[in-house]
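Architecture and fold: a report
Below are the chains, spelled out letter by letter.
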Amino acid sequence: MQRSLDGRRVAFLTANEGVEQIELTSPWKAVQDAGGEPVHLAPEKGDVQGFDHLDKADVFEASTAVKNASAGDFDALVLPGGVANPDQLRTDADAISFIRSFVEQGKPIAVICHGPWTLVEAKVVAGRTLTSWPSLRTDIENAGGTWVDQEVVVSEDGPNTIVSSRNPDDLPAFESAMVDVFAKVRTS
């Protein structure tokens, strides 16, 4: 039986330290369970330190440095949260360029918690409706977006679709919407 993400490669972009572990592992499993191929990218290939809020958790491996990746090699992108993770990514020019390429190519992005900081930095929020961790509201609004307090938002009011959620409690709704949106992507 064909699963909804068969044949789709999904990039998961994190910093090498500071990703909220459950916001990486749970969507990763959802992509795998739907038949997709998740690929972990980071500024540097190798170890990625996960966190459970402020406590160190497991270490994961990024198989590719983002500077060596192309959005054209993937069907969709997931941007997990954690406070430190997107704060570091938004200062990495290669990560921001990679994110912007997904938008320019019309490919979907799923982002949760503090992850939208990277979208603000990539200048792809204007005219969009998103949700996030509440402290990002002003950043999203200052970037020209509309912030709402909802479990999940699917924004189709731009060149690509962006699925966003507020926090780990929203993961079931986030993953369901993410898989539905990613399943609509035509693979090459």
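Further up the page is the structure itself.
The notes below deal with the structure included here. (Residues numbered from 1 in each chain as written. Predicted model: local features only at pLDDT ≥ 70, side-chain atom pairs only at ≥ 80, totals over all residues. Heavy atoms only, no water.)

Of regular secondary structure, the chain possesses six helices and twelve strands. Taking 2.2 N^0.38 as the reference for a compact globule, 188 residues should give roughly 16 Å; the C-alpha atoms of the chain span a radius of gyration of 15 Å, in line with that estimate. Its C-alpha atoms give the chain principal-axis dimensions of roughly 40 × 35 × 30 Å. Scored against the burial criterion, the 188 residues of the chain give a buried share of 53%. (Helix = DSSP H or I, 4+ residues; strand = E, 2+ residues; numbered from the N terminus. Rg over C-alpha atoms; globule rule 2.2 N^0.38 Å. Buried < 20%, exposed > 50% of the residue type's maximum accessible area, 1.4 Å probe, protein only.)

Strand pairing in a sheet is mediated by backbone hydrogen bonds. Such pairs are either parallel or antiparallel. The mixed open sheet is built from three strands, whose spatial order is 2-4-5. At either margin of the open sheet sits one strand with a lone partner, and together these are strand 2 (17-20) and strand 5 (55-62). Here the average twist between neighbouring strands, direction ignored, is 40 degrees. Where strand 4 (residues 46-52) meets strand 5, six bridges bridge the pair, whose relative direction is antiparallel. The residue of strand 5 that forms the bridge with F51 is K56. This element, helix 1 (residues 21-33), spans strand 2, strand 4 and strand 5 of the sheet and lies at about 55 degrees to strand 2. (Pairing = 2+ DSSP bridges. Axes fitted to C-alpha atoms, helices over the stretch in contact; angles between N-to-C directions. Contact = heavy atoms within 4.5 Å.)

Quick look at the pattern of salt bridges now. Across all of its chains, the model carries six salt bridges by this definition. Between D149 and R166 there is a salt bridge, and its shortest N-O distance comes to 2.9 Å. A residue pair is termed long-range when its members are at least 10 positions apart, and D149 in the loop between strand 10 (146-147) and strand 11 (152-155) and R166 in the loop between strand 12 (162-165) and helix 6 (171-183) qualify at 17 residues. Across the salt bridge formed by D170 and R166, the nearest N and O atoms sit 2.9 Å from each other. Note on D170: relative accessible area 2%, which makes it buried. Ionic contacts of the salt-bridge type, sharing partners, join the residues D149, R166 and D170 into one network. (Salt bridge = Lys/Arg side-chain N within 4 Å of Asp/Glu carboxyl O.)

Let us now look at unusual backbone geometry. Phi angles above zero are rare outside glycine, and H53 is one such case at about 60 degrees. Along the chain, the position of H53 falls in the loop between strand 4 and strand 5. For C113, which is not glycine, the phi torsion reads 65 degrees and is therefore positive. You can see C113 is positioned in the loop between strand 8 (109-112) and helix 4 (116-121). Overall, the relative accessible area of 6% leaves C113 in the buried class.

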